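Coordinate analysis (summary)
Here's the letter readout for the chains.
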Amino acid sequence: MTNGLNIIVIGLGHQALEDHLPAIVESNKYNLVGVVDIDRDHAIDVSKKYNTEYAVSVSEMLSKLPLKPDVALIATPHSAYLEIIEELAENKISIIKEKPFATSVNEAIRIINLIKKSNVSIFVTLQRRFNPIFASVPQLIKKIGALYAIEAKYTMNISKLDSDWRANSRIALGGALSDMGYHFIDLLVWYFGLPISVLCKFSTNNRNGQIYDVEDTAFLEFCFNDHGRDILGNLVVSRVYPEKNECLKIYGRSGCISLKRGDLRRLDIDGNEIEHLIRIGSWSSAIIDQLDEFADRIMDGTKKGEICNEYLKQVAFLEAARLSAKSNQQTLPNDYFETMKGQMS
Ligand SMILES: NC(=O)c1ccc[n+]([C@@H]2O[C@H](COP(=O)([O-])OP(=O)(O)OC[C@H]3O[C@@H](n4cnc5c(N)ncnc54)[C@H](O)[C@@H]3O)[C@@H](O)[C@H]2O)c1
């Protein structure tokens, strides 16, 4: 045991097994004291691998541990988060949750009130923020002059879309946009803030022979405003495109930035490359850096009971997109942001 924070991990699926548990073991800021999954056999298997306690619920875990853990990392299907957050908050256990912060404004308000009342810390895992390539974008944006356009595309080819919780709107609480698309909503909020308007359309059931009730493809048009000037933008998110593609292009009057996974280029207005950054194999270190920073902030404790504004902006953007798709009309994300901010005071 080190002097790190005692942590439990709740939800032992892909994200916990592939990213978070290995990162916790690697980090010297945490001691893994237990793993929780509703599937008991699976929880037992994982606990044996990590030589730690297991349980099928938070309450069972708390009854088994000699000391309450300092922090819990949750990586479950989206509909399971609220109840788990409620139980952790009641027990004054800090929370690290997988994205999204929330799938709707209503859910965000419930979380805000729980966190405020219990005065614990909450952080959301968004690993791109800890990858130096993505973190270099704001610096390069300064070099391309007044911005006028943004094009973003995040597509995958996932063959089975009707087999797990992501196929079911009651459990996933959204489709491709709130799941994989959330990473791009986060990037846009990080680099540009909150768009002033959003227009969104969803398309679904584009896998022959598979039925599911969430969107597999989303097209968004949005507009940011920079000192009175519009910056036009679009985002395409899809789970059914033939090719995997993750790219963001930012156009300014003096040049362009082209971002792909691990690859960032700045071009001049004629398309000539000015600078090029490449980073290979950075994901596992980004996951560790992310957890380490959360540990420092939990130990610092000055932001307990508060919610980071950017999480609220992500949810406002998402809500605006979803309501636009439903109403077939343009929506204004700031209205949703203000509703959530109002709960903070
Ligand atoms: N940051 C990323 O790049 C990234 C990638 C994939 C998934 N995610 C996020 O991680 C979360 C989990 O996704 P996943 O792909 O690992 O899902 P998954 O289906 O692989 O795993 C979910 C696990 O949670 C367990 N579970 C379900 N309900 C539970 C409950 N009430 N209590 C305890 N355990 C419960 C399931 O048994 C399963 O083992 C989601 O929020 C998803 O959006 C993030």
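I will try to describe carefully the structure that is included in this document. No experiment lies behind these values; they were computed from the predicted model shown.

Our focus in this paragraph is the overall build of the chain. Looking only at helices and strands, one finds 12 helices and 14 strands in the chain. For a compact globule of 345 residues, the expected C-alpha radius of gyration is about 20 Å, and the chain comes in at 20 Å, within 12% of that figure. Taking all 345 residues of the chain together, 43% fall into the buried category.

What follows concerns the nonpolar core. Ranked by internal contacts, the top residues of the largest apolar core, which has 97 residues, are Ile7, Ala72 and Val315. Looking at this core, you find at least three residues from each of domain 1 (5–128 + 284–307) and domain 2 (132–279). Leaving out residues up to four positions away in the same chain, alanine 72 has contacts with Ile7, Ile8, Ile10, Leu88, Ile93 and Ile95. Counting 5 residues, the second largest nonpolar core, distinct from the first, contains Ala172, Leu173, Tyr212 and Val214.

It is worth spelling out the packing of helix H1 (residues 14–26) against helix H10 (residues 283–300) at this point. Packing of H1 against H10 brings their axes to within 9 Å, and their N-to-C directions diverge by 65 degrees. With respect to each other, H1 and H10 are oriented roughly perpendicular. In this structure, H1 meets H10 at a crossing whose hand is right-handed. When H1 is examined against H10, the residues Asp19, His20, Ala23, Ile24 and Glu26 are found in contact with a partner set consisting of Ser284, Ile287, Ile288 and Leu291. Within the contact of H1 with H10, the residues separate by chemical class into 5 nonpolar, 2 polar and 2 charged.

The strand order across the open sheet built from 6 strands is E3-E2-E1-E4-E5-E6, with neighbouring strands paired in parallel fashion. One side of each edge strand has no neighbouring strand; the edge strands of this open sheet are strand E3 (53–55) and strand E6 (122–125). Strand-to-strand, the axes of this sheet are offset by a mean angle of 25 degrees, without reference to chain direction. Pairing geometry for strand E1 (residues 5–10) and strand E2 (residues 30–36), over 6 bridges, is parallel. Each residue of the ladder has a partner; that of leucine 5, found in E2, is tyrosine 30. Strand contacts of helix H2 (residues 40–50): E2 and E3, with the helix running at about 160 degrees to E2, the strand carrying the most contacts.

With that out of the way, let us pick up the sheet that holds strand E8 (residues 197–203). Hydrogen bonds between backbone atoms are what pair the strands of a sheet, whose relative direction is either parallel or antiparallel. Read across the open sheet, the 8 strands follow the order E8-E9-E10-E7-E11-E12-E13-E14; overall the sheet is mixed. The open sheet has two edge strands with one neighbour each: E8 and strand E14 (273–278). Along the sheet, successive strands turn relative to each other by an average axial angle of 15 degrees, direction set aside. The sheet contacts of helix H9 (residues 181–192) involve strand E7 (147–157), strand E9 (217–226), strand E10 (229–238) and strand E11 (240–252), and relative to E7 the element is tilted by about 160 degrees. Along the sheet, helix H11 (residues 309–327) makes contact with E8 and E9, crossing E8 at roughly 60 degrees.

Right, let's get into the site of the ligand. Gly11, Gly13, Gln15, Ala80 and Glu98 are the nearest of the 23 residues found near the ligand. Taken together, the residues that form the shell around the ligand break down as 8 nonpolar, 9 polar and 6 charged. Both domain 1 (5–128 + 284–307) and domain 2 (132–279) contribute no fewer than three residues apiece to the shell around the ligand.

On to the environment of asparagine 205. Relative to the elements of secondary structure, asparagine 205 occurs in the loop between E8 and E9. Looking at asparagine 205, the number of C-beta atoms within 10 Å reads 16, which means it is partly exposed. Between the C-alpha atoms of asparagine 205 and glutamate 215, which are 10 residues apart in sequence, the distance is 7.5 Å. Excluding anything up to four places from it in sequence, asparagine 205 contacts Ile211 and Tyr212.

The rules behind the values
- Here the residue index of a chain counts from 1 through its sequence in written order.
- In keeping with the predicted nature of the model, local features appear solely for residues at pLDDT of at least 70, side-chain atom pairs appear and are counted solely at 80 or more, and the whole-chain, interface and lining totals rest on all residues.
- Secondary structure elements follow DSSP: runs of H or I no shorter than four residues count as helices, runs of E no shorter than two count as strands, and numbering proceeds from the N terminus.
- As a reference, a globule follows 2.2 Å times the number of residues to the power 0.38, and the radius of gyration itself is taken over C-alpha atoms.
- Residues with at least 20 other C-beta atoms within 10 Å of their own are called buried, those with 12 or fewer are called exposed, and the rest are partly exposed. The C-beta atoms themselves are positioned from the backbone.
- Any set of buried Ala, Val, Leu, Ile, Met, Phe, Trp, Tyr and Cys residues joined through C-beta atoms within 7 Å is what this text calls a nonpolar core.
- A domain assignment, automatic or from a database, supplies the domain bounds used here.
- Residues are treated as contacting if the C-beta atoms built from their backbones sit within 7 Å of each other.
- Angles shown run from 0 to 180 degrees and are taken between the N-to-C directions of axes, each axis being a line fitted to C-alpha atoms and, for helices, limited to the stretch in contact.
- Orientation is classified from the angle alone, with under 35 degrees giving roughly parallel, over 145 giving roughly antiparallel, 65 to 115 giving roughly perpendicular, and any other angle giving oblique.
- In this scheme the crossing of two helices becomes right-handed for a clockwise turn of the near helix relative to the far one and left-handed for an anticlockwise turn of less than a right angle.
- Three residue categories are used. Nonpolar comprises Ala, Val, Leu, Ile, Met, Phe, Trp, Tyr, Cys and Pro, charged comprises Asp, Glu, Lys and Arg, and polar comprises the others, including Gly.
- Pairing between strands is defined by DSSP: at least two bridges between the two strands are required.
- For each residue, a C-beta atom is placed from the backbone, and the residue counts as near a molecule or strand when that atom lies within 6 Å of it.

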